[in-house]
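Geometric and topological summary
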Amino acid sequence: MVGTTSAWYLARAGHEVVVVDRQPVAGNETSFANGGQISVSHAEPWASPHVLPQVLKWLGKEDAPLLWRWRADPAQLMWGARFLLECLPGRTRRNIAAIVALALYSRRCLQSLRHELALEYEQLERGILHIYTQPEAFFQAVKAAKTMRHFGLDRETVSAERCIEIEPALADARHLLLGGDYTPSDESGDAHKFTRQLAERAAAEGVDFRHNLTVDRIAAGGSQIAGVLVSGAGGGELLTADAYVVALGSYSPLLLQPLGVRLPVVPAKGYSATLELDAGGLAPTVSLTDDEHRLVFSRLGNRLRIAGTAEFNGYNLDLNPVRCQALMQRTRQLFPTLAFAGKPEFWCGLRPATPSNVPYIGRTRYGNLWLNTGHGTLGWTMSCGSAAALADLIGGQRPEPDFPFVKC
Ligand SMILES: Cc1cc2nc3c(=O)[nH]c(=O)nc-3n(C[C@H](O)[C@H](O)[C@H](O)COP(=O)(O)OP(=O)(O)OC[C@H]3O[C@@H](n4cnc5c(N)ncnc54)[C@H](O)[C@@H]3O)c2cc1C
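Note that the coordinates shown come from a computational prediction; the quantities given were computed from them, not determined experimentally.

Quick look at the overall build of the protein
Of the regular secondary structure elements, the protein holds ten helices and 20 strands. Here the C-alpha radius of gyration of the protein, 21 Å, is about what a compact globule of 408 residues would show, namely 22 Å. Principal axes of the C-alpha set define a box for the protein whose edges measure 65 × 45 × 40 Å. In the protein, buried positions account for 56% of the 408 residues.

Observations concerning helix 3 (residues 74–86)
Since there are 3.6 residues in each turn of an α-helix, residues three or four apart along the chain are aligned in direction. Relative to the 18 Å expected for 13 residues at 1.5 Å per residue, helix 3 spans 18 Å between its end C-alpha atoms, a close match to the ideal helical length. Buried residues of helix 3: Gln76, Trp79, Gly80, Phe83 and Glu86, and no others. In a view along the axis of helix 3, the buried residues occupy a sector of 120°, so they form one face of it. Turned more than 90 degrees away from the buried face of helix 3, the exposed residues are Pro74 and Met78. Two or three places before Ala75, at the opening of helix 3, Asp73 has a side-chain oxygen 3.0 Å from that residue's backbone nitrogen.

Remarks on empty space enclosed by the protein
In total, this model carries one cavity of 30 Å³ or more according to the counting rule given. Of the volumes computed, that of the largest cavity is approximately 40 Å³. Ala169, Asp172, Leu282, Phe335, Pro336, Thr337 and Leu338 are the residues that line the largest cavity. Partitioning the lining of the largest cavity into residue classes produces five nonpolar, one polar and one charged.

Focus on the pattern of salt bridges
A full pass over the atoms with the stated rule returns 20 salt bridges. Between Asp208 and Arg210 there is a salt bridge, with the nearest N and O atoms lying 3.1 Å from each other. Here Glu311 and Arg323 are joined by a salt bridge, their closest N and O atoms 3.5 Å apart. Taken together, the residues span a long stretch of sequence, with Glu311 in strand 16 (residues 303–312) and Arg323 in helix 9 (residues 321–334) at a distance of twelve residues. Arg323 matches Glu311 in its accessibility class, with the two residues each being buried.

A word on the packing of aromatic side chains
Per the stated rule, a full pass over the model turns up 13 aromatic pairs. Each ring, one from Tyr121 and one from Trp380, has its centre 5.7 Å from the other, and the planes form 80°; the classification is edge-to-face. In this pair, Tyr121 is assigned in the loop between helix 4 (89–117) and strand 4 (128–132) and Trp380 in helix 10 (residues 379–394), connecting sequence segments 259 residues apart. Residue Tyr121 shares its accessibility class with Trp380, and that shared class is buried. Joined through ring pairs, the aromatic side chains of Trp46, Trp68, Trp70, Trp79, Phe83 and Phe312 make up one cluster. The aromatic ring of Tyr251 is capped on one face by Arg22, whose charged end is 4.2 Å from the ring centroid.

Considering the site of the ligand
Taken together, 35 residues surround the ligand, and among them Asp21, Ser31, Gln37, Gly376 and Thr381 come closest. Contact distances for the ligand include 2.5 Å between an oxygen atom and a side-chain N or O atom of Ser31. One of the backbone nitrogen or oxygen atoms of Thr377 is found 2.9 Å away from a nitrogen atom of the ligand. Calculation on the ligand without its partners gives an accessible area of 1000 Å², and the protein chains cover 96% of this total. Mapped by element, the contributors of at least two residues to the shell around the ligand are strand 1 (18–21), strand 9 (214–221), strand 13 (266–277), strand 16, strand 17 (340–353) and helix 10.

Points about unusual backbone geometry
Backbone geometry places Ala118, a non-glycine residue, at a positive phi of 50°. Residue classification places Ala118 among the exposed residues on the basis of a relative accessible area of 53%. The phi angle at Asn357 is positive, at roughly 70°, despite the residue not being glycine. For Asn357, a relative accessible area of 6% corresponds to the buried category.

So, the side chain of Asp21
Residue position: Asp21 is located in strand 1. In this structure the side chain of Asp21 is engaged in a polar contact, spanning 2.9 Å, whose partner is the backbone nitrogen of Gln23. Contacts of Asp21, omitting those with residues within four sequence positions, involve Ala26, Arg210, His211, Asn212 and Leu213.

Parameters at a glance
Residues numbered from 1 in each chain as written. Predicted model: local features only at pLDDT ≥ 70, side-chain atom pairs only at ≥ 80, totals over all residues. Heavy atoms only, no water. Helix = DSSP H or I, 4+ residues; strand = E, 2+ residues; numbered from the N terminus. Rg over C-alpha atoms; globule rule 2.2 N^0.38 Å. Buried < 20%, exposed > 50% of the residue type's maximum accessible area, 1.4 Å probe, protein only. Expected span 1.5 Å × (residues − 1). Arc of directions from axis to C-beta. Polar contact = N/O pair within 3.5 Å; in protein donor to acceptor, adjacent residues only side chain to side chain. 1 Å grid on protein atoms, 1.4 Å probe; cavity = no way out; pocket = protein on both sides within 12 Å on 5 of 7 lines; lining within 4 Å. Points joined across faces, edges and corners; volume = space filled by probe spheres on them. Nonpolar A, V, L, I, M, F, W, Y, C, P; charged D, E, K, R; others polar. Salt bridge = Lys/Arg side-chain N within 4 Å of Asp/Glu carboxyl O. Phe/Tyr/Trp six-rings, centres within 6.5 Å; stacked < 30°, edge-to-face > 60°. Lys NZ or Arg CZ within 6 Å of the ring centre and 35° of its normal. Near = heavy atom within 4 Å. Areas by Shrake-Rupley, 256 points an atom, 1.4 Å probe, with all protein chains shown as cover. Contact = heavy atoms within 4.5 Å.

As C-alpha cells, this is what we get:
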C-alpha cells in the first residue's frame, strides 16, 4: 500500500511513475489482510517504559502477544538494543508526537482521496474503541490518552458501561471490562481493497505497474543511483529513472544494505483471522483494540477481521497453529455468542518494524534515492500521508506534518 499510495501522489504531482512489484497484484504482501484500522489512537509505539515488564513476562511463551525468538541474527539483536533505547520516557513521547502528527495528516489525506475518487473498501467511520481488562494497562492507557489529547487527538477515557453503549456486542464481556478509551474520529476498512482500487485509478492516470518483476539489486554510480536490476519471466533488465523510491516493506533493508544505507527495519510477524459472519449473531461494528492481547477487531462488511500479535523470527511466514488459536480463544472470550460460517481464514504478514515505530521517509545519501518504508504497526493508518509528504519532498516542497523526515 505504501508503494501504491506513493505512486498515486507522485503521479498527481506530475511525475511519470513506474511501479516494480514482484507480486501479481498490488497490496499482496503485508497489506493483504491486516487489522483494517485507521488508528491514530494506536500511536503509542511498542517501545515504551511500561512494555519491558510485559515483554519479560511473555518471553518464551508460544502464544504470547509479543514473542521474541532468539536468533543469531546481528540485525535483529541490534534492533533489540535500539528498541530498548526507544523505551526511555522522553523518546517515547517524542515518537508519539511524530506518529500522531503524521497519522492525523494521513487520515485527512485518506478522507479526501476517498471522496475525490469515490473509493469503496468497506470503510466505517464509527471510531475506534480500546478496551482494557487489566488495571495496570488501563492506568497506563489513561496517561497515554492524555498525552495524545495534548497532541490533538480526540481520545477520551470511558467507563465499562460506556464501552458497551458504544459497542453493544461487548455486553457478554462486561465482567472482563475495566474501561476503555474511544476515538470517534478514527476509522476502519479493508486495506487490500483500498490498495487494489487506488492502483487501478493510478494505472488509469498513467502509472505503469510492472507486476511479477523482482528488484534484484539497486545499482549505484558514485553519489547517484544508476538503475535497478530487475528480473521476471522474460529475463533481467536494468530500469533507469531520474529518481527511485524504496517502498519494499520489510524487505527494504535487504536491498539498501549493499549501498551502505543501513535501516533498522526488521520483520515483525503478525497474524489475522477473517470470519464470514452468520446473519443474526451479535458481532462488533465499531473497530476495537484489545491492548493487553495486542489484538484488533474490525468489521469489514459481512466479515470480521481479528488481527495482531507480533513475533520476531526473521522472514519466516509459517502459520503457527498455537498463535492462530490464541486469536480465536480471545475472540470467543470477548464475543461468546459470535456466529460465523465455515472456518476462520488465517493469514500472517511481516510488519516492517522500526525500533521507534516511526517510519523512514525522506532522502538517502544518494541524491536520487528516496525512502518510504518502516511503517510497522501503522502502515495503513500512515500510508496516504507518508506518500503525500514524500511527493512534496521530491517536488522540493515542505510537507505539512511536523515530522522527522530523514536524510540518511
Ligand atoms: C497482523 C497485522 C495487522 C495489522 N493491522 C494494521 C492496522 O489495523 N492498521 C494499520 O495501520 N496497520 C496495520 N498493520 C501494518 C500494515 O499492514 C503494514 O505497516 C503495511 O502493510 C506495510 O505496507 P508496505 O507497503 O510498507 O509493505 P508491504 O505491504 O509488505 O509491501 C511491500 C511491497 O514490496 C514488494 N517487494 C518486496 N521486495 C521486493 C523486491 N525485491 N522486488 C519487487 N517487489 C518487492 C512486495 O511485493 C510488496 O508489494 C498490520 C500488520 C499486520 C501484519
